Amino acid sequence: MSCFVLPKRKAHQLRSPARANHLLYKQLAKLTVLLRKAQYLADHDPLTGLPNRRLLYDRLQQAMVMAAREQRQLAVLMIDVDQFKAVNDRHGHAAGDQLLQQVAQRLTHCLRSSDTACRLGGDEFVVILPELKGEDPAPRVVAKIQHALAQPYLLGQHALAISTSIGVALHHDRQQTADELLQQADSNMYRNKQAASATRAAQPQASLQS
Ligand SMILES: Nc1nc2c(ncn2[C@@H]2O[C@H](COP(=O)(O)OP(=O)(O)OP(=O)(O)O)[C@@H](O)[C@H]2O)c(=O)[nH]1
């Protein structure tokens, strides 16, 4: 914390109030920058730069309140990379990291500025869609995301195709908590993953391509 302390100055420099004020102002400006950086680090995933679990809960709770107040539809998507462990095992952890970074970039490009994509941890991402309009719009967003994430990735020298499992939860019930909504999206994702896994088992050629 030594950077927050006024630097030692010759006594005559600090005797001038204008000079002392100037030094204090500079130190406060530095402190403000450091606090902003600390806040960013507390709220974001260092690998992908996406909001982390802490900020996800914050944004989701706010979005749920706004959706209820303005009678808007809100959906949460739970997104999990299929067989991600195999990417690490076959191509190395650094390639796995690159894949997660590219998934995060693609997710961000697919979404509107009012939507939020977060990294929950590992290969799990959450998307908050706070302003759904029209009839049953969530499946359209899911299809768009799934298509974008299914395009091949370039990891160093390797081109790699992956699939993702996505679970959707719609926020209908005002009593529902953020945790319950995420849990519902997670259960739906898990069910979809199991179905996709059963399909892959029946068609071994459809598994991870590299
Ligand atoms: N490269 C990399 N790997 C990570 C990171 N965080 C977690 N992992 C790895 O991600 C993998 C997650 O594996 P799982 O989700 O359990 O398994 P999976 O292979 O995706 O299996 P399914 O989800 O059932 O398809 C584990 O091997 C973790 O070690 C990370 O930041 N970078």
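Described below are features of the structure shown in this document. (Residues numbered from 1 in each chain as written. Predicted model: local features only at pLDDT ≥ 70, side-chain atom pairs only at ≥ 80, totals over all residues. Heavy atoms only, no water.)

1. Quick word on the pairing of strand β6 (residues 164-170)
Put simply, the test is: Note on classification: 1.4 Å probe, protein chains only; a residue is buried when its accessible area is under 20% of the maximum for its type, exposed when over 50%, partly exposed between these limits. Secondary structure elements are defined from DSSP: runs of H or I of at least 4 residues count as helices, runs of E of at least 2 residues count as strands, and each element is numbered from the N terminus. Two strands qualify as a pair provided DSSP detects at least 2 bridges between them.
Counting buried residues in β6 gives 5 out of 7 residues, a clear majority hidden from the surface. The pairing of strand β1 (residues 73-81) with β6 spans 7 bridges and is classified as antiparallel. Counted as the bridge partner of D80 is S165 from β6.

2. Some words on the pattern of salt bridges
Selection rule: By salt bridge we mean one thing: a side-chain nitrogen of Lys or Arg within 4 Å of a carboxyl oxygen of Asp or Glu.
Applying the stated criterion to the full structure yields 6 salt bridges. Between E70 and R72 there is a salt bridge, and its shortest N-O distance comes to 2.5 Å. Each of the salt bridges in this network shares a partner with another, and the network as a whole consists of D80, D82 and K193.

3. Here we look at the packing of helix α4 (residues 84-91) against helix α5 (residues 93-110)
Helix-helix packing: each pair is described by the crossing angle between the helix axes and the interaxial distance. For clarity, the threshold we go by: Every axis in this analysis is a line fitted to C-alpha atoms, fitted for helices over the stretch in contact. Angles between the N-to-C directions lie between 0 and 180 degrees. When an angle is under 35 degrees it counts as roughly parallel; over 145 it counts as roughly antiparallel; between 65 and 115 it counts as roughly perpendicular; any other value is oblique. Here a residue-residue contact requires only that any non-hydrogen atoms of the pair lie within 4.5 Å. All amino acids are sorted into three groups, where Ala, Val, Leu, Ile, Met, Phe, Trp, Tyr, Cys and Pro are nonpolar, Asp, Glu, Lys and Arg are charged, and the leftover types, Gly among them, are polar.
Look at α4 against α5: their axes get within 6 Å of each other, and the N-to-C directions meet at 135°. By the angle class used here, α4 and α5 are oblique. Contact residues: F84, V87, N88 and H91 in α4; H93, A95, G96, L99 and L100 in α5. When the residues that make up the contact of α4 with α5 are grouped by side-chain class, the tally is 5 nonpolar, 4 polar and no charged.

4. A look at helix α3 (residues 53-69)
Convention followed: One fewer than the residue count of a helix, multiplied by 1.5 Å, yields its expected span. Polar contacts here mean pairs of N or O atoms no more than 3.5 Å apart (in protein, one a potential hydrogen donor and the other a potential acceptor; neighbouring residues in sequence count only if both atoms are side-chain atoms).
The end-to-end C-alpha separation of α3 is 24 Å, in line with the 24 Å expected for 17 residues at 1.5 Å each. Among all positions in α3, only L55, L56, L60, A63, M64, A67 and A68 are buried. Residues of α3 that are buried sit in contact with α2 (17-43), β1, β2 (116-121), β3 (124-132) and α7 (178-202). Backbone nitrogen of R54 and a side-chain oxygen of the N-cap are separated by 3.1 Å at the start of α3; the cap is N52.

5. Regarding the site of the ligand
As a reminder, the rule being used: We call a residue near a molecule or strand when any one of its heavy atoms sits within 4 Å of it.
Lining the immediate surroundings of the ligand are 16 residues, of which Q83, K85, D97, R119 and D123 lie closest. V81 places a polar main-chain atom, nitrogen or oxygen, 3.2 Å from an oxygen atom of the ligand. Within the backbone of K85, an N or O atom sits 2.9 Å from an oxygen atom of the ligand. Secondary structure elements with two or more residues in the shell around the ligand: β1, α4 and α5.

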